[in-house]
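A structural walkthrough
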Amino acid sequence: MSSGKGQEKVYDMIILGGGPAGLTAAIYGGRANLEILIVEHMMSGGEIASTDKLDNYPGFPEGITGSEFGQLLEQHALRFGAEMISASIDVIDTGGEIKKVSTSKGDYYGRTIVIATGTAPGLLGVPGEETLRGKGISFCATCDGFFFRDKKIAVIGGGDSAVKEAIYLTRFASEIVLIHRRNKLRAVPALQNQILQNPKVSFLWDTVVTEFRGDQALTTLATKNLKDSTVGELYVDGAFLYVGRIPNTGFLKGLEVDGQGYIITSEEMETSIPGVFAAGDVRRKYLRQVITAASDGAIAAMMAVRYLE
Ligand code: NAP
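Sequence order sets the numbering: in each chain, residues are counted from 1 along the sequence as written. Two thresholds apply to this predicted model, a pLDDT of at least 70 for residue-level local features and 80 or more for giving and counting side-chain atom pairs, whereas whole-chain, interface and lining totals are computed over all residues. To obtain the side-chain values, all non-hydrogen atoms of the structure were used and water was disregarded.

**Thoughts on the nonpolar core**
Take the buried residues of types Ala, Val, Leu, Ile, Met, Phe, Trp, Tyr and Cys, join any two whose side-chain atoms come within 4.5 Å, and each joined set is a nonpolar core. Relative accessible area decides the class of each residue, using a 1.4 Å probe on protein chains only: under 20% of the type maximum gives buried, over 50% gives exposed, and in between gives partly exposed. Ranked by internal contacts, the top residues of the largest apolar core, which has 30 residues, are Met13, Ile15, Ile36, Ile38 and Val114. Every helix listed is a DSSP run of H or I at least four residues long, and every strand listed is a run of E at least two residues long, numbered separately from the N terminus. Elements with a minimum of two residues in this core: β2 (8-16), α1 (20-31), β3 (36-40), α2 (66-79) and α6 (290-308). With 7 residues, the top contributor of residues to this core is α6.

**Things to note about α1**
Multiply 1.5 Å by the residue count of a helix minus one, and that product is the helix's expected span. Helix length check: α1, at 12 residues, gives a terminal C-alpha distance of 16 Å against a target of 16 Å (1.5 Å per residue), a fit within 8%. Of all 12 residues in α1, 10 are buried, a share of seventy percent or more. Those residues of α1 not exposed but buried are Pro20, Ala21, Gly22, Leu23, Thr24, Ala25, Ala26, Ile27, Gly29 and Gly30. Against β2, β3, α2, β6 (83-86), β9 (106-115) and α6 lie the buried residues of α1. Directly beyond the C-terminal end of α1, a positive phi value near 70° is found at Asn33. For this analysis, residues touch if any pair of their heavy atoms sits within 4.5 Å.

**Examining the state of the cysteines**
In this description, a disulfide is simply a cysteine sulfur pair whose atoms lie within 2.5 Å. Going through the model one piece at a time under the given rule, you end up with 1 disulfide. Shown here is the disulfide that connects Cys140 with Cys143, its sulfur atoms set 2.0 Å apart. Where Cys140 bonds to Cys143 through sulfur, the torsion about that S-S bond is close to 70°, and the disulfide is right-handed. Classification of Cys140 by relative accessible area gives buried; the value is 13%. For Cys143, a relative accessible area of 43% corresponds to the partly exposed category.

**Observations concerning the sheet that holds strand β17 (residues 231-235)**
In spatial order, the strands read β15-β16-β17; together these 3 strands make up an open sheet with antiparallel pairing. The open sheet has two free edges, formed respectively by β15 (207-213) and β17, since each of these has just one partner strand. Each strand of the sheet is rotated relative to its neighbour by a mean of 30°, with strand direction disregarded. Alignment of β15 against strand β16 (residues 220-225), held across 6 bridges, turns out to be antiparallel. Counterpart to Val208 in the pairing with β16 is Lys224. What makes two strands pair is DSSP finding at least two bridges between them. Axis geometry follows a simple rule: fit a line to the C-alpha atoms, using only the stretch in contact for helices, then measure angles between N-to-C directions, giving values from 0 to 180 degrees.

**Structural notes on the environment of Tyr262**
Along the chain, Tyr262 falls in the loop between β19 (245-247) and β20 (276-278). Under the relative-accessibility criterion, Tyr262 is labelled buried at 7%. Each C-alpha atom of the pair Tyr262 and Thr223 lies 31 Å from the other, and the pair is 39 residues apart in sequence. Beyond its immediate chain neighbours, meaning those up to four positions away, Tyr262 contacts Thr119, Arg245, Pro247, Glu256, Val257, Asp281, Val282, Arg283, Arg284 and Arg288.

**Here's the deal with the domain arrangement of the protein**
Note that domain bounds follow an automatic or database assignment of domains. We note that the domain assignment places domain 1 (10-120 + 245-308) and domain 2 (123-241) within the protein. Each of domain 1 and domain 2 has a C-alpha centre, and the two are 31 Å apart. Two parts lose some accessible area (1.4 Å probe) when they are put together, and adding that loss for both gives the buried area. When domain 1 packs against domain 2, close to 460 Å² is buried across both sides, 43% of that on carbon and sulfur atoms. Summed over the three residues of domain 1 that lose the most area to domain 2, namely Ser50, Thr51 and Asp52, the buried surface amounts to 76% of that side. Salt bridges are counted wherever a side-chain nitrogen of Lys or Arg sits within 4 Å of a carboxyl oxygen of Asp or Glu. At the junction of domain 1 and domain 2, the tally comes to 1 salt bridge. Note that Arg171 is salt-bridged to Asp52, the shortest N-O span being 2.8 Å.

**Considerations on the packing of aromatic side chains**
Geometry of aromatic contacts follows a simple scheme: Phe, Tyr and Trp rings, the Trp one being its six-membered ring, pair when their centres are within 6.5 Å, and the pair is stacked under 30 degrees between planes, edge-to-face over 60, tilted otherwise. For the coordinates displayed, the defined rule picks out 9 aromatic pairs. A centroid spacing of 6.4 Å and a plane angle of 80° characterise the contact between Phe146 and Phe172, whose relative ring orientation is edge-to-face. With a gap of 26 residues between them, Phe146 in the loop between α3 (141-144) and β12 (152-156) and Phe172 in the loop between α4 (160-169) and β13 (175-179) connect regions that are remote in the sequence. Ring centres of Tyr168 and Phe172 lie 5.5 Å apart, and the angle between their planes is 70°; on these two criteria the pair is classed as edge-to-face. The residues Tyr168 and Phe172 share a single accessibility class, namely buried. Grouped by ring-pair contacts, the aromatic residues Phe146, Phe147, Tyr168 and Phe172 constitute a single cluster.

**A few points about a positive patch on the surface**
Side chains of Arg181, Arg182, Lys184 and Arg186 sit close together on the surface and give a patch of like positive charge. The exposure class of Lys184 is exposed, given its relative accessible area of 53%. Patch membership requires over 30% relative accessible area and the absence of a salt bridge. Like charges are linked within 9 Å, and nonpolar side chains (Val, Leu, Ile, Met, Phe, Trp, Tyr) within 5 Å. Method for areas: the Shrake-Rupley scheme with a 1.4 Å probe, in which residue coverage is limited to the protein chains shown. Charged-residue counts in this description rest on Lys and Arg as positive and Asp and Glu as negative, His and the chain ends being excluded. By convention, the charge on Lys lies at NZ, on Arg at CZ, on Asp at CG and on Glu at CD.

**Points about the side chain of Thr271**
Structurally, Thr271 can be placed in the loop between β19 and β20. Relative accessible area serves as the criterion here: at 12%, Thr271 is assigned to the buried category. Polar contacts here mean pairs of N or O atoms no more than 3.5 Å apart (in protein, one a potential hydrogen donor and the other a potential acceptor; neighbouring residues in sequence count only if both atoms are side-chain atoms). Of note is the side chain of Thr271, whose polar atom sits 3.1 Å from the backbone nitrogen of Ile273. A polar side-chain atom of Thr271 sits 2.7 Å from the main-chain carbonyl oxygen of Val276. With residues near it in sequence (within four places) discarded, Thr271 still touches Leu255, Ile263, Ile264, Thr265, Val276, Phe277 and Ala278.

Here it is as structure tokens:
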């Protein structure tokens, strides 16, 4: 289905993001003989690749490491002929029939686009958070957990990510304080049961971090109890933040998004612009999981095939 536009190659489908949604779209689109380009700025597998273990994807009864799953997904997508480049996306121009994707490696053209760029870690927006990022503040337990062997660390947040990663970090840290703004975890019961029984983990309930302090590296968290307004200090060697996610949509123009920036789609993954589809965590949806991302990717690809026909 591919043809040239002047000197430029025009892909049938450009997939933005190489996580489960994007790579599944590549598998389905590739099997439909589409010429596909995948643009990914980090590692294949997306967010899941930096997770220790994927435990709830059907067909892996013992679980599978996130990095292994990411590699298998990439191999699978490339087997059906997709090309993949490592580049960050600057802006997309969806105005014409041929859409332009401007990246750090140049411009690419496609008849359809599948946006599967996922989400990025949310921030607290308090003093010290930016300056001490990478100097004790981390967003990735699998990447940085090792540096906190026998150290005391804090994990901030009460959702699935915070609890799952705190459990993982108990392999390294001598002590973990989980700081949550309420007195009840949001994480699923299976994860709650695990963390509540872990002797290395203690909890600071109804508490928020108001400042990260330290000269060269993080040493102290300033905290505030939201129930009685008492303030405190917690001395830690590191802090892992899992306070929700923000959609990666900075490169978008003119696409309909919700109040939090998530792309609004139909059940068929159609966005407000014909030929542009969105799949996975970046779109407004009820359940953000690998399995629903893969499902979105499959639907987006088949809808792109239908659009091209
Ligand atoms: P999340 O579910 O949105 O949880 C964010 C947590 O951070 C919540 O506990 C929230 O508190 C807290 N929080 C948000 N803003 C805060 C602030 N300004 N100050 C202090 N605390 C704040 O995000 P997530 O845990 O990253 O999960 C994202 C999605 O991925 C979810 O759909 C989740 O189910 C999924 N996920 C699944 C797994 C799995 O193993 N199945 C693993 C990871 C993620 P409140 O509870 O008070 O709102």
